[in-house]
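Residues per chain, in single letters:
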Amino acid sequence: MSWIGAALLSALIGPTQTGLAAEAVQSPQLPHFADADDAALVLEGQKIYGNSCASCHGRRLQGQALWQLQDQFAGRRAPAHDSTGHTWQHADEDLFHMTKFGRFPATPADVVSYMPAFEGQLSDHDILAALAFIKSNWPLGIRATQAMLNPGFAGMPADAAKIPWTLPPNCIETIDEWSKRSK
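Bear in mind the structure is a predicted one, so any value in this text is a computation, not a measurement.

Chemist: I would appreciate a short explanation of the layout of surface pockets in the present structure.
Modeler: In this approach the atoms are scanned with a rolling probe the size of a water molecule, which exposes any empty space left behind. Its volume calculated, the largest pocket comes out at about 790 Å³. As for the largest pocket, its lining consists of 36 residues, of which His 57, Ala 78, Pro 79, Met 98 and Met 115 are closest to the centre. Secondary-structure elements contributing two or more residues to the lining of the largest pocket are α3 (39–52), α4 (54–57), α5 (92–101) and α6 (124–136). A per-element tally of the lining of the largest pocket places α6 first, with 4 residues. In terms of residue class, the lining of the largest pocket is built from 21 nonpolar, 13 polar and 2 charged.

Chemist: Quick question: what am I supposed to make of the packing of aromatic side chains here?
Modeler: Each aromatic ring pair is summarised here by two numbers: the centre-to-centre distance and the angle between the ring planes. Counted according to the given criterion, the structure contains 1 aromatic pair. Relative to Phe 133, the ring of Tyr 49 has its centre 5.5 Å away and its plane inclined at 45°; by these criteria the two rings are tilted. Taken together, the positions of Tyr 49 in helix α3 and Phe 133 in helix α6 put the pair 84 residues apart, joining distant regions of the chain. The same class applies to Tyr 49 and to Phe 133, which are both buried.

Chemist: It is not clear to me how the environment of Trp 138 should be interpreted in this structure. Could you clarify?
Modeler: With respect to the helices, strands and loops of the structure, Trp 138 is situated in the loop between α6 and α7 (140–147). Spatially, the C-alpha atom of Trp 138 lies 9.6 Å from that of Thr 84, the residues being 54 residues apart in sequence. Non-local contacts of Trp 138, meaning those with residues more than four positions away in its chain, are made with His 81, Asp 82, Ser 83, Thr 87, Trp 88, Arg 143 and Gln 146.

Chemist: Sorry, what's going on with the packing of α3 against α6 here?
Modeler: For any two helices packed against each other, one specifies the crossing angle of their axes together with the interaxial distance. Contact pair α3 / α6: the axes reach a minimum separation of 7 Å and the direction vectors enclose 100°. On the basis of the axis angle, α3 is roughly perpendicular to α6. Together, Leu 41, Val 42, Glu 44, Gly 45, Gln 46, Ile 48 and Tyr 49 of α3 and His 125, Asp 126, Leu 128, Ala 129, Ala 130, Ala 132, Phe 133, Ile 134 and Ser 136 of α6 make up the contact between the two elements. The residue inventory of the contact of α3 with α6, partitioned by class, reads 10 nonpolar, 4 polar and 2 charged.

Chemist: It is not clear to me how unusual backbone geometry should be interpreted in this structure. Could you clarify?
Modeler: Glycine aside, the phi torsion of most residues is negative, and most peptide linkages are trans. You will see that Leu 61, though not glycine, has its phi angle at about 70°, which is positive. By the secondary structure assignment, Leu 61 is in the loop between α4 and α5. Not every positive phi belongs to a glycine, and Leu 66 is a case in point at roughly 65°. Mapped onto the elements of the fold, Leu 66 is located in the loop between α4 and α5.

Chemist: Help me understand α5 in this model?
Modeler: All of the buried residues along α5 are Asp 92, Leu 95, Phe 96, Met 98, Thr 99 and Lys 100. Turning to α5, the residues buried within the fold contact α6 and α7. Once α5 finishes, Gly 102 follows within two positions and takes phi at roughly 80°, a positive value.

Chemist: How should α6 be read in this particular structure?
Modeler: Residues lying three or four places apart along an α-helix face the same way, a consequence of the helix completing one turn every 3.6 residues. Between its first and last C-alpha atoms α6 spans 18 Å; for 13 residues at 1.5 Å apiece the expected length is 18 Å, and the two agree. The buried fraction of α6 is high, at 10 of 13 residues. Of all the residues in α6, the buried ones are Asp 126, Ile 127, Leu 128, Ala 129, Ala 130, Leu 131, Ala 132, Phe 133, Ile 134 and Lys 135. On its buried side, α6 packs onto α3, α5 and α7.

Chemist: Which parts of the structure should I look at to understand the pattern of salt bridges?
Modeler: Between side chains of opposite charge, pairing is possible as soon as their charged atoms come close. Under the counting rule described, the total for this entry stands at 4 salt bridges. Close ionic contact of Asp 37 with Arg 143 constitutes a salt bridge, the shortest N to O distance being 2.9 Å. Remark: Arg 143 occurs in helix α7 and Asp 37 occurs in the loop between α2 (20–26) and α3; sequence separation between them is 106 residues. Classification of Asp 37 as partly exposed rests on a relative accessible area of 38%. With relative accessibility at 13%, the residue Arg 143 sits in the buried group. Of the charged contacts, one joins Asp 92 and Lys 135 as a salt bridge, the two residues approaching to 2.7 Å between their closest N and O atoms. In this pair, Asp 92 is assigned in helix α5 and Lys 135 in helix α6, connecting sequence segments 43 residues apart. Summarising the burial analysis for this pair, Asp 92 and Lys 135 share the class buried.

Reading the values: rules and limits
Residues numbered from 1 in each chain as written. Predicted model: local features only at pLDDT ≥ 70, side-chain atom pairs only at ≥ 80, totals over all residues. Heavy atoms only, no water. 1 Å grid on protein atoms, 1.4 Å probe; cavity = no way out; pocket = protein on both sides within 12 Å on 5 of 7 lines; lining within 4 Å. Points joined across faces, edges and corners; volume = space filled by probe spheres on them. Helix = DSSP H or I, 4+ residues; strand = E, 2+ residues; numbered from the N terminus. Nonpolar A, V, L, I, M, F, W, Y, C, P; charged D, E, K, R; others polar. Phe/Tyr/Trp six-rings, centres within 6.5 Å; stacked < 30°, edge-to-face > 60°. Buried < 20%, exposed > 50% of the residue type's maximum accessible area, 1.4 Å probe, protein only. Contact = heavy atoms within 4.5 Å. Axes fitted to C-alpha atoms, helices over the stretch in contact; angles between N-to-C directions. Parallel < 35°, antiparallel > 145°, perpendicular 65-115°, else oblique. Expected span 1.5 Å × (residues − 1). Salt bridge = Lys/Arg side-chain N within 4 Å of Asp/Glu carboxyl O.

Put into structure tokens, the structure is as follows:
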């Protein structure tokens, strides 16, 4: 684990709260939590992702070609959901809301979103399963970083304090968001 990852994890979990990560994963008290450690849910989510998401976001979660380009088509290309994308920079609740309603909760109503709303096509359980599948494909450092955005650090991998990992190079936005929430 990098010294930054170790320092951040110890600051988050603390020396006397090592059970926090496992507790958050096993019994999150969240309205919408996608448990990437639930093998059955992930397997179900893989099928749902393949049928409902892969046509835009790619079979391998790679997103549409040129999705990161800022041009006249920005926002119209589906972003990657793998570690090269920015999906992990959002809490589970925000990802759920984006999938169900086609926009993030804080997005003003007059802003055009090209993400289709799956409210009438997928159940809440189906949406969480697809998100669990997406999260299960992320490396440990990205999963840990994303879990920091969830209340109670829900989704923190159980081995995050035991296995070497580093923070993603573009996680400064996530750390800033976590800092705001922890004040």
